[in-house]
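# Chains, contacts and geometry: an overview
Listed below are the residues making up each chain.
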Amino acid sequence: MTLHYQAGFGSELQSEALPGALPPHNSPQHVPYGLYAEQISGTAFSAPRHQNRRSWLYRIRPVAGQVCDQPYEQPRFGAALDIATPPVPLRWYPPALPATPTDFVDGLFTIAGNGSAALQHGFGIHMYAASRSMHERVFCNADAEMLIVPQQGALRVATELGLLDVEPQEIVVIPRGIRFAIALTEGTARGYVCENLGAPFRLPDLGVIGANGLAAARDFYYPQAWFEDRAVPTQLITRYLGRLWQGTLTHSPFDVVAWHGNHAPCKYDLRRFNTLGSVSFDHPDPSIFLVLQSPSEAPGVDDLDFVVFPPRVLVAQETFRPPWFHRNIASEFMGLIHGAYDAKTAGFVPGGASLHPCMTGHGPDAATVARALQADTHTADYLTDTMAFMFETRLPMLVSHDALASPLRQQGYADCWQGLESRFTGQIRVDPC
Ligand SMILES: O=C(O)Cc1cc(O)ccc1O
Ligand SMILES: [Fe+2]
(Lines give C-alpha, C1' and ligand atoms only; values in the text may rest on other atoms or scores of the structure.)
(Ligands and ions follow the chains in the order given, each with its own letter.)
Protein backbone atom coordinates (compact mmCIF):
# COMPACT_ATOMS: atom_id res chain seq x y z
CA MET A 1 0.00 0.00 0.00
CA THR A 2 1.54 3.30 -1.11
CA LEU A 3 0.91 5.98 1.44
CA HIS A 4 -0.24 9.50 0.68
CA TYR A 5 0.65 12.41 2.89
CA GLN A 6 -0.27 15.96 3.78
CA ALA A 7 2.54 18.52 3.66
CA GLY A 8 3.67 21.55 5.64
CA PHE A 9 5.72 21.71 8.83
CA GLY A 10 3.61 22.65 11.86
CA SER A 11 0.56 23.32 9.69
CA GLU A 12 -3.06 23.04 10.76
CA LEU A 13 -3.92 19.84 8.93
CA GLN A 14 -7.04 17.70 8.78
CA SER A 15 -7.85 14.25 7.52
CA GLU A 16 -10.73 11.79 7.65
CA ALA A 17 -10.61 8.08 6.80
CA LEU A 18 -14.41 7.95 6.40
CA PRO A 19 -16.37 10.63 4.56
CA GLY A 20 -17.88 13.19 6.88
CA ALA A 21 -16.07 11.87 9.98
CA LEU A 22 -14.60 15.29 10.80
CA PRO A 23 -17.20 17.28 12.72
CA PRO A 24 -17.84 20.94 11.93
CA HIS A 25 -16.53 22.05 15.32
CA ASN A 26 -14.24 20.43 17.87
CA SER A 27 -16.61 18.77 20.28
CA PRO A 28 -20.21 18.46 19.07
CA GLN A 29 -22.82 16.71 21.15
CA HIS A 30 -22.94 13.92 18.60
CA VAL A 31 -19.76 13.20 16.64
CA PRO A 32 -20.30 11.57 13.22
CA TYR A 33 -20.22 7.74 13.24
CA GLY A 34 -20.58 7.72 17.04
CA LEU A 35 -16.92 8.63 17.52
CA TYR A 36 -15.45 10.13 20.68
CA ALA A 37 -13.79 13.55 20.44
CA GLU A 38 -10.47 13.88 22.26
CA GLN A 39 -7.91 16.67 22.41
CA ILE A 40 -4.15 16.11 22.84
CA SER A 41 -2.11 19.20 23.66
CA GLY A 42 1.61 19.50 22.98
CA THR A 43 2.04 23.00 24.41
CA ALA A 44 0.34 24.98 27.17
CA PHE A 45 -3.22 25.92 26.15
CA SER A 46 -2.25 29.57 26.23
CA ALA A 47 1.09 29.29 24.37
CA PRO A 48 1.48 31.97 21.65
CA ARG A 49 -0.41 31.02 18.52
CA HIS A 50 2.76 30.44 16.43
CA GLN A 51 4.03 27.95 19.02
CA ASN A 52 0.74 26.40 20.04
CA ARG A 53 0.40 22.67 19.30
CA ARG A 54 -2.68 20.55 19.75
CA SER A 55 -4.77 18.09 17.80
CA TRP A 56 -8.35 16.88 17.97
CA LEU A 57 -8.80 13.15 17.48
CA TYR A 58 -12.12 11.45 16.61
CA ARG A 59 -11.82 7.85 17.72
CA ILE A 60 -13.77 4.68 18.30
CA ARG A 61 -12.85 4.41 22.00
CA PRO A 62 -11.45 7.17 24.23
CA VAL A 63 -7.99 6.70 25.78
CA ALA A 64 -9.43 7.38 29.23
CA GLY A 65 -9.24 4.18 31.24
CA GLN A 66 -6.31 2.78 29.25
CA VAL A 67 -3.64 2.61 31.95
CA CYS A 68 -0.02 1.47 32.21
CA ASP A 69 0.48 0.55 35.87
CA GLN A 70 3.03 -2.27 35.66
CA PRO A 71 6.79 -1.67 35.33
CA TYR A 72 8.31 -2.87 32.08
CA GLU A 73 11.91 -4.08 32.23
CA GLN A 74 14.16 -2.93 29.42
CA PRO A 75 17.26 -1.79 31.28
CA ARG A 76 19.31 -0.83 28.21
CA PHE A 77 16.80 1.91 27.31
CA GLY A 78 17.22 4.50 30.03
CA ALA A 79 20.51 2.94 31.19
CA ALA A 80 22.23 4.88 33.97
CA LEU A 81 24.34 7.84 32.92
CA ASP A 82 27.87 8.24 34.28
CA ILE A 83 28.38 11.47 36.20
CA ALA A 84 32.12 10.76 35.88
CA THR A 85 31.97 10.93 32.07
CA PRO A 86 35.50 11.89 31.00
CA PRO A 87 36.15 14.96 28.79
CA VAL A 88 37.49 12.86 25.91
CA PRO A 89 36.38 12.32 22.32
CA LEU A 90 34.44 9.08 22.01
CA ARG A 91 33.65 6.93 19.02
CA TRP A 92 31.82 3.65 18.54
CA TYR A 93 31.56 1.00 15.84
CA PRO A 94 28.01 0.19 14.67
CA PRO A 95 25.96 -2.15 16.84
CA ALA A 96 25.25 -5.62 15.47
CA LEU A 97 21.71 -6.57 14.59
CA PRO A 98 20.22 -8.74 17.34
CA ALA A 99 20.46 -12.50 16.88
CA THR A 100 17.21 -13.13 18.77
CA PRO A 101 13.89 -11.52 17.74
CA THR A 102 14.00 -7.98 19.15
CA ASP A 103 11.63 -5.16 18.31
CA PHE A 104 12.21 -1.40 18.29
CA VAL A 105 11.40 -0.91 21.99
CA ASP A 106 13.53 -3.81 23.18
CA GLY A 107 16.26 -2.87 20.70
CA LEU A 108 16.75 0.63 22.12
CA PHE A 109 19.87 1.39 24.15
CA THR A 110 20.95 4.64 25.71
CA ILE A 111 24.18 6.36 24.73
CA ALA A 112 23.94 9.73 26.45
CA GLY A 113 21.66 12.32 27.97
CA ASN A 114 21.23 15.15 30.40
CA GLY A 115 18.43 16.97 32.16
CA SER A 116 15.37 15.56 33.74
CA ALA A 117 12.09 14.14 32.54
CA ALA A 118 10.59 15.38 35.80
CA LEU A 119 11.71 18.94 35.11
CA GLN A 120 10.99 18.71 31.37
CA HIS A 121 14.43 19.83 30.32
CA GLY A 122 17.20 18.11 28.41
CA PHE A 123 17.50 15.19 26.06
CA GLY A 124 18.31 11.51 25.64
CA ILE A 125 20.37 10.00 22.84
CA HIS A 126 19.79 6.37 22.00
CA MET A 127 20.36 3.86 19.22
CA TYR A 128 18.23 0.94 18.17
CA ALA A 129 19.01 -2.38 16.52
CA ALA A 130 15.94 -4.47 15.80
CA SER A 131 15.08 -7.72 14.06
CA ARG A 132 11.31 -7.90 14.33
CA SER A 133 8.28 -5.68 14.07
CA MET A 134 6.34 -4.49 17.10
CA HIS A 135 3.56 -7.01 17.32
CA GLU A 136 0.40 -6.07 19.19
CA ARG A 137 2.57 -3.66 21.11
CA VAL A 138 2.42 0.13 21.07
CA PHE A 139 4.78 2.71 22.53
CA CYS A 140 3.98 6.10 24.00
CA ASN A 141 6.54 8.62 25.22
CA ALA A 142 4.92 10.87 27.82
CA ASP A 143 8.27 12.51 28.59
CA ALA A 144 9.62 13.53 25.22
CA GLU A 145 9.22 14.14 21.55
CA MET A 146 11.15 11.49 19.60
CA LEU A 147 13.30 12.14 16.54
CA ILE A 148 14.11 8.85 14.82
CA VAL A 149 16.95 8.66 12.28
CA PRO A 150 16.93 5.30 10.48
CA GLN A 151 20.36 4.21 9.30
CA GLN A 152 19.60 0.74 7.98
CA GLY A 153 16.23 -0.77 7.10
CA ALA A 154 13.02 1.00 6.16
CA LEU A 155 10.26 1.37 8.75
CA ARG A 156 6.52 1.58 8.61
CA VAL A 157 5.50 3.73 11.56
CA ALA A 158 1.87 3.26 12.58
CA THR A 159 0.65 6.18 14.68
CA GLU A 160 -2.68 7.24 16.09
CA LEU A 161 -2.82 9.86 13.32
CA GLY A 162 -1.92 7.50 10.48
CA LEU A 163 0.92 5.66 8.75
CA LEU A 164 4.37 6.91 7.75
CA ASP A 165 6.89 5.01 5.63
CA VAL A 166 10.46 6.06 6.29
CA GLU A 167 13.75 4.80 4.93
CA PRO A 168 17.38 5.63 5.68
CA GLN A 169 18.14 9.26 4.78
CA GLU A 170 14.66 10.17 5.98
CA ILE A 171 13.73 11.06 9.56
CA VAL A 172 10.53 10.84 11.54
CA VAL A 173 9.41 13.05 14.43
CA ILE A 174 6.85 11.64 16.88
CA PRO A 175 5.35 14.32 19.13
CA ARG A 176 5.06 13.75 22.84
CA GLY A 177 2.22 11.44 23.82
CA ILE A 178 1.33 10.16 20.35
CA ARG A 179 1.16 6.36 20.40
CA PHE A 180 3.04 4.49 17.72
CA ALA A 181 4.29 1.08 16.63
CA ILE A 182 7.20 0.34 14.31
CA ALA A 183 7.16 -2.43 11.71
CA LEU A 184 10.42 -3.38 9.98
CA THR A 185 9.79 -3.29 6.24
CA GLU A 186 13.00 -5.20 5.50
CA GLY A 187 13.01 -7.49 8.54
CA THR A 188 15.85 -5.71 10.35
CA ALA A 189 16.63 -2.10 11.20
CA ARG A 190 19.17 0.09 12.94
CA GLY A 191 19.32 3.78 13.68
CA TYR A 192 19.50 6.68 16.10
CA VAL A 193 16.92 8.32 18.37
CA CYS A 194 16.92 11.71 20.05
CA GLU A 195 14.44 12.27 22.87
CA ASN A 196 13.68 15.94 23.24
CA LEU A 197 12.42 16.85 26.71
CA GLY A 198 12.29 20.58 25.97
CA ALA A 199 10.36 22.78 23.55
CA PRO A 200 9.08 20.90 20.47
CA PHE A 201 11.39 20.88 17.47
CA ARG A 202 10.68 23.70 15.04
CA LEU A 203 12.14 25.06 11.84
CA PRO A 204 14.74 27.76 12.51
CA ASP A 205 14.31 31.39 11.54
CA LEU A 206 16.34 32.08 8.42
CA GLY A 207 17.38 35.68 9.17
CA VAL A 208 19.43 37.16 6.37
CA ILE A 209 19.30 33.90 4.41
CA GLY A 210 15.83 35.05 3.41
CA ALA A 211 12.49 33.34 2.99
CA ASN A 212 13.92 30.13 1.49
CA GLY A 213 16.72 27.70 2.14
CA LEU A 214 17.72 24.85 4.48
CA ALA A 215 14.71 22.60 5.22
CA ALA A 216 11.50 23.72 3.48
CA ALA A 217 8.24 23.48 5.43
CA ARG A 218 6.51 21.85 2.46
CA ASP A 219 8.91 18.88 2.55
CA PHE A 220 7.62 17.70 5.94
CA TYR A 221 4.99 15.03 5.37
CA TYR A 222 2.18 14.19 7.77
CA PRO A 223 -0.08 11.11 7.65
CA GLN A 224 -3.62 10.78 6.47
CA ALA A 225 -6.09 9.43 9.01
CA TRP A 226 -6.05 5.63 9.13
CA PHE A 227 -7.72 3.32 11.62
CA GLU A 228 -8.39 -0.26 12.55
CA ASP A 229 -11.21 -1.62 14.71
CA ARG A 230 -9.52 -4.69 16.14
CA ALA A 231 -10.39 -6.39 19.40
CA VAL A 232 -6.91 -7.75 20.11
CA PRO A 233 -5.11 -7.49 23.45
CA THR A 234 -2.43 -4.88 22.80
CA GLN A 235 0.45 -4.09 25.10
CA LEU A 236 0.91 -0.38 25.69
CA ILE A 237 4.38 0.63 26.93
CA THR A 238 4.67 4.18 28.23
CA ARG A 239 7.85 6.04 29.04
CA TYR A 240 7.09 8.29 31.97
CA LEU A 241 9.53 10.05 34.31
CA GLY A 242 12.34 8.15 32.59
CA ARG A 243 10.88 4.72 33.37
CA LEU A 244 8.89 2.24 31.31
CA TRP A 245 5.38 1.17 32.33
CA GLN A 246 3.03 -1.28 30.68
CA GLY A 247 -0.63 -2.13 30.50
CA THR A 248 -2.91 -4.18 28.27
CA LEU A 249 -5.53 -2.62 26.04
CA THR A 250 -8.51 -4.65 24.90
CA HIS A 251 -8.37 -3.09 21.42
CA SER A 252 -5.88 -1.61 19.03
CA PRO A 253 -5.36 2.06 19.97
CA PHE A 254 -5.06 2.91 16.27
CA ASP A 255 -8.76 3.70 16.11
CA VAL A 256 -8.66 7.40 15.15
CA VAL A 257 -11.01 7.80 12.19
CA ALA A 258 -10.42 11.53 11.70
CA TRP A 259 -8.24 14.25 13.14
CA HIS A 260 -7.29 17.87 12.76
CA GLY A 261 -4.54 19.96 14.29
CA ASN A 262 -0.78 20.44 14.36
CA HIS A 263 0.42 18.08 17.12
CA ALA A 264 1.14 15.35 14.63
CA PRO A 265 3.95 13.02 13.55
CA CYS A 266 5.87 13.86 10.40
CA LYS A 267 8.67 12.67 8.20
CA TYR A 268 11.32 14.53 6.25
CA ASP A 269 13.73 13.41 3.54
CA LEU A 270 17.19 14.74 4.39
CA ARG A 271 18.03 14.68 0.66
CA ARG A 272 15.54 17.56 0.28
CA PHE A 273 17.71 19.82 2.48
CA ASN A 274 18.75 22.94 0.58
CA THR A 275 22.38 23.10 1.68
CA LEU A 276 23.97 26.52 1.79
CA GLY A 277 27.64 27.28 2.21
CA SER A 278 30.50 29.58 1.49
CA VAL A 279 31.01 30.61 -2.15
CA SER A 280 33.99 32.80 -1.30
CA PHE A 281 36.30 31.64 1.48
CA ASP A 282 36.28 29.87 4.83
CA HIS A 283 34.34 26.89 6.14
CA PRO A 284 31.05 28.09 7.64
CA ASP A 285 29.87 27.35 11.16
CA PRO A 286 27.72 24.20 11.18
CA SER A 287 24.64 26.16 12.24
CA ILE A 288 24.21 26.65 8.48
CA PHE A 289 23.24 22.94 8.37
CA LEU A 290 20.43 23.25 10.93
CA VAL A 291 17.32 21.22 10.12
CA LEU A 292 15.30 21.47 13.35
CA GLN A 293 15.87 23.27 16.64
CA SER A 294 14.50 23.09 20.16
CA PRO A 295 15.05 26.64 21.41
CA SER A 296 15.79 27.53 25.01
CA GLU A 297 14.65 30.69 26.75
CA ALA A 298 17.96 32.38 25.82
CA PRO A 299 17.78 34.09 22.41
CA GLY A 300 19.88 32.24 19.81
CA VAL A 301 20.81 29.43 22.21
CA ASP A 302 19.13 26.13 21.44
CA ASP A 303 18.67 23.32 23.92
CA LEU A 304 18.94 20.90 21.05
CA ASP A 305 19.79 21.13 17.37
CA PHE A 306 19.42 18.52 14.66
CA VAL A 307 22.04 19.26 12.02
CA VAL A 308 22.72 17.42 8.75
CA PHE A 309 25.82 17.19 6.55
CA PRO A 310 24.46 16.24 3.11
CA PRO A 311 26.21 15.90 -0.26
CA ARG A 312 27.40 19.32 -1.42
CA VAL A 313 29.95 21.11 -3.53
CA LEU A 314 32.85 22.82 -1.78
CA VAL A 315 34.15 25.85 -3.66
CA ALA A 316 35.68 28.10 -0.98
CA GLN A 317 39.01 29.31 -2.28
CA GLU A 318 42.33 29.67 -0.47
CA THR A 319 40.56 27.83 2.28
CA PHE A 320 41.17 24.78 4.43
CA ARG A 321 37.96 23.09 3.27
CA PRO A 322 37.26 20.34 5.84
CA PRO A 323 35.78 21.26 9.24
CA TRP A 324 38.34 23.27 11.18
CA PHE A 325 39.89 22.21 14.48
CA HIS A 326 37.68 23.39 17.28
CA ARG A 327 36.40 23.22 20.84
CA ASN A 328 32.79 24.21 21.37
CA ILE A 329 30.58 25.36 24.18
CA ALA A 330 28.09 22.84 22.78
CA SER A 331 28.45 19.07 22.91
CA GLU A 332 28.19 17.12 19.68
CA PHE A 333 26.86 13.61 19.06
CA MET A 334 27.31 12.53 15.44
CA GLY A 335 26.03 9.60 13.44
CA LEU A 336 26.71 8.53 9.88
CA ILE A 337 23.74 7.35 7.85
CA HIS A 338 25.46 6.78 4.56
CA GLY A 339 28.89 6.96 2.90
CA ALA A 340 31.84 8.79 4.41
CA TYR A 341 32.13 12.01 6.44
CA ASP A 342 34.46 14.70 5.12
CA ALA A 343 36.39 15.18 8.38
CA LYS A 344 37.27 11.53 8.89
CA THR A 345 39.16 9.20 6.55
CA ALA A 346 38.56 6.01 8.56
CA GLY A 347 36.91 4.78 11.73
CA PHE A 348 33.67 6.80 11.51
CA VAL A 349 31.54 4.31 9.63
CA PRO A 350 27.84 4.13 8.70
CA GLY A 351 25.85 3.07 11.75
CA GLY A 352 28.65 4.17 14.07
CA ALA A 353 28.69 7.22 16.30
CA SER A 354 31.00 9.80 17.81
CA LEU A 355 30.66 12.18 20.71
CA HIS A 356 32.73 15.28 21.30
CA PRO A 357 32.05 16.73 24.74
CA CYS A 358 32.02 20.47 25.23
CA MET A 359 35.45 22.10 25.11
CA THR A 360 37.03 18.86 23.92
CA GLY A 361 39.32 19.48 20.96
CA HIS A 362 38.52 17.70 17.72
CA GLY A 363 38.48 18.17 13.96
CA PRO A 364 39.73 16.50 10.81
CA ASP A 365 41.91 13.44 11.29
CA ALA A 366 45.55 13.47 10.23
CA ALA A 367 44.89 11.83 6.84
CA THR A 368 42.16 14.38 6.03
CA VAL A 369 44.47 17.25 6.97
CA ALA A 370 47.22 15.88 4.75
CA ARG A 371 44.80 15.74 1.80
CA ALA A 372 43.34 19.19 2.45
CA LEU A 373 46.78 20.78 2.55
CA GLN A 374 47.51 19.38 -0.93
CA ALA A 375 44.09 20.22 -2.40
CA ASP A 376 43.60 22.65 -5.29
CA THR A 377 41.15 25.16 -3.85
CA HIS A 378 40.48 26.75 -7.24
CA THR A 379 38.48 23.76 -8.43
CA ALA A 380 35.21 22.47 -7.04
CA ASP A 381 35.21 19.51 -4.69
CA TYR A 382 32.10 17.35 -5.09
CA LEU A 383 31.16 15.68 -1.82
CA THR A 384 28.92 12.81 -2.91
CA ASP A 385 27.73 9.64 -1.18
CA THR A 386 27.54 11.13 2.27
CA MET A 387 24.89 11.78 4.89
CA ALA A 388 26.06 12.52 8.41
CA PHE A 389 24.12 14.26 11.15
CA MET A 390 24.64 15.80 14.57
CA PHE A 391 22.54 16.11 17.72
CA GLU A 392 24.06 19.22 19.25
CA THR A 393 23.18 20.57 22.66
CA ARG A 394 24.13 23.34 25.01
CA LEU A 395 24.02 20.90 27.92
CA PRO A 396 27.02 18.65 28.55
CA MET A 397 26.36 15.03 27.61
CA LEU A 398 26.48 12.42 30.34
CA VAL A 399 27.40 9.14 28.66
CA SER A 400 25.83 5.89 29.82
CA HIS A 401 27.96 3.39 31.75
CA ASP A 402 27.01 0.86 29.07
CA ALA A 403 28.25 3.03 26.20
CA LEU A 404 31.50 3.89 28.01
CA ALA A 405 32.19 0.22 28.73
CA SER A 406 30.93 -1.07 25.37
CA PRO A 407 33.25 -3.32 23.34
CA LEU A 408 32.15 -1.21 20.35
CA ARG A 409 33.90 1.84 21.81
CA GLN A 410 37.08 2.64 19.89
CA GLN A 411 39.70 2.91 22.60
CA GLY A 412 42.25 4.43 20.25
CA TYR A 413 39.97 7.07 18.72
CA ALA A 414 42.18 10.02 19.66
CA ASP A 415 45.05 8.37 17.75
CA CYS A 416 43.43 9.61 14.52
CA TRP A 417 45.03 12.96 15.35
CA GLN A 418 48.46 11.39 15.84
CA GLY A 419 50.92 12.62 13.25
CA LEU A 420 49.69 16.20 13.32
CA GLU A 421 53.20 17.30 14.16
CA SER A 422 54.42 20.84 14.38
CA ARG A 423 54.69 22.51 10.98
CA PHE A 424 55.93 25.71 12.55
CA THR A 425 58.35 27.54 10.30
CA GLY A 426 59.08 30.52 12.53
CA GLN A 427 61.89 30.99 14.95
CA ILE A 428 61.93 32.16 18.51
CA ARG A 429 63.08 35.75 18.37
CA VAL A 430 66.01 36.40 20.59
CA ASP A 431 66.11 40.06 21.48
CA PRO A 432 69.67 41.40 21.55
CA CYS A 433 70.23 43.03 24.89
O1 LIG B 1 32.90 18.12 14.61
C2 LIG B 1 32.33 17.90 13.56
O3 LIG B 1 32.76 17.18 12.68
C4 LIG B 1 31.02 18.64 13.28
C5 LIG B 1 31.31 19.98 12.71
C6 LIG B 1 31.29 20.16 11.35
C7 LIG B 1 31.61 21.37 10.81
O8 LIG B 1 31.55 21.55 9.46
C9 LIG B 1 31.98 22.42 11.63
C10 LIG B 1 31.98 22.25 13.01
C11 LIG B 1 31.65 21.01 13.55
O12 LIG B 1 31.62 20.82 14.87
FE1 LIG C 1 32.62 19.47 16.07
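Everything quoted here is computed from the prediction, not taken from an experiment.

A word on the overall build of the chain. Check the secondary structure of the chain and you find 2 helices and 28 strands. The globule rule puts the C-alpha radius of gyration for 433 residues at 22 Å, and the 23 Å found for the chain is close to it. Overall, the C-alpha framework of the chain stretches about 95 × 45 × 40 Å when taken along its three principal axes. Buried positions account for 42% of the 433 residues belonging to the chain. Sequence-distant contacts in the chain: of pairs separated by 6 or more residues, those separated by 24 or more amount to 79%.

Time to look at the sheet that holds strand β19 (residues 256–261). Taken in spatial order, the 4 strands of this open sheet run β2-β19-β4-β3, and their pairing is antiparallel. Of all strands in the sheet, those with a lone pairing partner are β2 (13–16) and β3 (36–41), marking the two edges. Strand-to-strand twist of the sheet, defined as the mean angle between neighbouring strand axes without regard to direction, takes the value 20 degrees. In terms of strand pairing, strand β4 (residues 54–59) meets β19 through 5 bridges, oriented antiparallel. Bridge pairing links Arg 59 to Val 256 in β19.

Of all residues in the chain, 100% have pLDDT values of 70 or greater, and the mean over the chain is 97. Reported confidence for the predicted complex is 0.98 by ipTM and 0.97 by pTM.

A few words now on unusual backbone geometry. Unlike most non-glycine residues, Tyr 33 shows phi in positive territory, near 60 degrees. On the secondary structure map, Tyr 33 appears in the loop between β2 and β3. Here Glu 136, not a glycine, exhibits a phi torsion of approximately 45 degrees, which is positive. In this structure, Glu 136 sits in the loop between β8 (121–130) and β9 (137–141). Judged by local crowding, Glu 136 falls into the partly exposed class, with 13 C-beta atoms found within 10 Å.

Next up on the list: the UniProt feature "domain: Homogentisate 1,2-dioxygenase N-terminal" (unreviewed entry) in the chain. Those residues carrying the UniProt feature "domain: Homogentisate 1,2-dioxygenase N-terminal" (unreviewed entry) are residues 4–270 in this numbering. Annotated as 0% helix and 42% strand, the span residues 4–270 places its first and last C-alpha atoms 19 Å apart.

As recorded in UniProt, the sites labelled "active site" (unreviewed entry) are His 283. Sequence-distant contacts of His 283, that is, excluding residues within four places in its chain, are made with Ser 278, Ala 316, Thr 319, Phe 320, Arg 321, Pro 323 and Trp 324.

Every residue near ligand 1 is listed here: His 283, Pro 286, Pro 323, His 326, Glu 332, Ala 343, His 356, His 362 and Met 390. Partitioning the shell around ligand 1 into residue classes produces 4 nonpolar, 4 polar and 1 charged.

Spatially, β6-β25-β24-β27-β22-β21 is the arrangement adopted by the 6 strands of the open sheet, whose pairing is antiparallel. Strands at the two margins of the open sheet, each flanked by one partner only, are β6 (90–92) and β21 (290–295). Sheet twist, expressed as the average angle between the axes of neighbouring strands with direction ignored, equals 10 degrees. Two strands pair when backbone bridges link them, and strand β22 (residues 302–309) and strand β27 (residues 386–393) are joined in this way by 6 bridges, in the antiparallel orientation. In the sheet register, Val 308 faces β27, and the bridge partner there is Phe 389.

Annotation of the chain at the domain level lists domain 1 (5–85 + 102–269) and domain 2 (271–412). Each partner contributes to the interface: domain 1 provides 42 residues, whereas domain 2 provides 36 residues. Counting residues per element, the ones that place at least two in the side of domain 1 that touches domain 2 are β7 (108–116), β8, β10 (145–152) and β15 (189–196). In terms of residue count, the dominant contributor to the side of domain 1 that touches domain 2 is β7 (7 residues). The residue inventory of the side of domain 1 that touches domain 2, partitioned by class, reads 24 nonpolar, 12 polar and 6 charged.

Among the 6 residues in β4, 5 count as buried, and that is most of the element. Sheet topology note: the β3/β4 ladder contains 6 bridges and is antiparallel. Following the sheet pairing, Ser 41 is matched in β4 by Arg 54.

What follows is about the nonpolar core. One broad rule of soluble globular proteins: the nonpolar side chains tend to lie buried together. By size, the foremost hydrophobic cluster in this structure holds 100 residues, and its most contacted members are Leu 147, Phe 180, Val 193, Phe 333 and Phe 389. Broken down by element, this core gets its largest block of residues, 6 residues, from β8. Each of domain 1 (5–85 + 102–269) and domain 2 (271–412) accounts for three or more of the residues forming this core. Every residue in contact with Phe 180, bar those within four places of it in the chain, is listed here: Val 138, Phe 139, Val 157, Ala 158, Thr 159, Ile 174 and Pro 265.

Position of Arg 409 among the secondary structure elements: in the segment after α2 (401–405). A sequence separation of 319 residues divides Arg 409 from Leu 90, and the C-alpha atoms of the two residues are 7.3 Å apart. When near neighbours in sequence (up to four residues on either side) are disregarded, Arg 409 contacts Leu 90, Trp 92 and Leu 404.

This paragraph deals with the environment of Thr 188. With respect to the element layout, Thr 188 can be found in the loop between β14 (180–184) and β15. Between the C-alpha atom of Thr 188 and that of Pro 101, which follows or precedes it by 87 residues, the distance is 9.6 Å. Excluding anything up to four places from it in sequence, Thr 188 contacts Leu 97, Ala 130, Ser 131 and Gly 153.

Examined bridge by bridge, strand β5 (residues 70–71) and strand β18 (residues 243–249) share 2 bridges and lie antiparallel to one another. Bridging from a neighbouring strand, Pro 71 pairs with Trp 245 of β18. Linkage of strand β17 (residues 234–240) to β18, two consecutive antiparallel strands, is achieved through a turn of 2 residues, within which Leu 241 is found at a positive phi near 55 degrees.

Rules of the game
Residues numbered from 1 in each chain as written. Chains lettered and ligands numbered in written order. Predicted model: local features only at pLDDT ≥ 70, side-chain atom pairs only at ≥ 80, totals over all residues. Helix = DSSP H or I, 4+ residues; strand = E, 2+ residues; numbered from the N terminus. Rg over C-alpha atoms; globule rule 2.2 N^0.38 Å. Buried ≥ 20, exposed ≤ 12 C-beta atoms within 10 Å, placed from the backbone. Contact = placed C-beta atoms within 7 Å. Pairing = 2+ DSSP bridges. Axes fitted to C-alpha atoms, helices over the stretch in contact; angles between N-to-C directions. pLDDT = per-residue confidence, 0-100. UniProt positions renumbered as here; feature names shortened; annotations may be inferred. Near = placed C-beta within 6 Å. Nonpolar A, V, L, I, M, F, W, Y, C, P; charged D, E, K, R; others polar. Domains from an automatic or database assignment. Core = buried A, V, L, I, M, F, W, Y, C linked by C-beta atoms within 7 Å.

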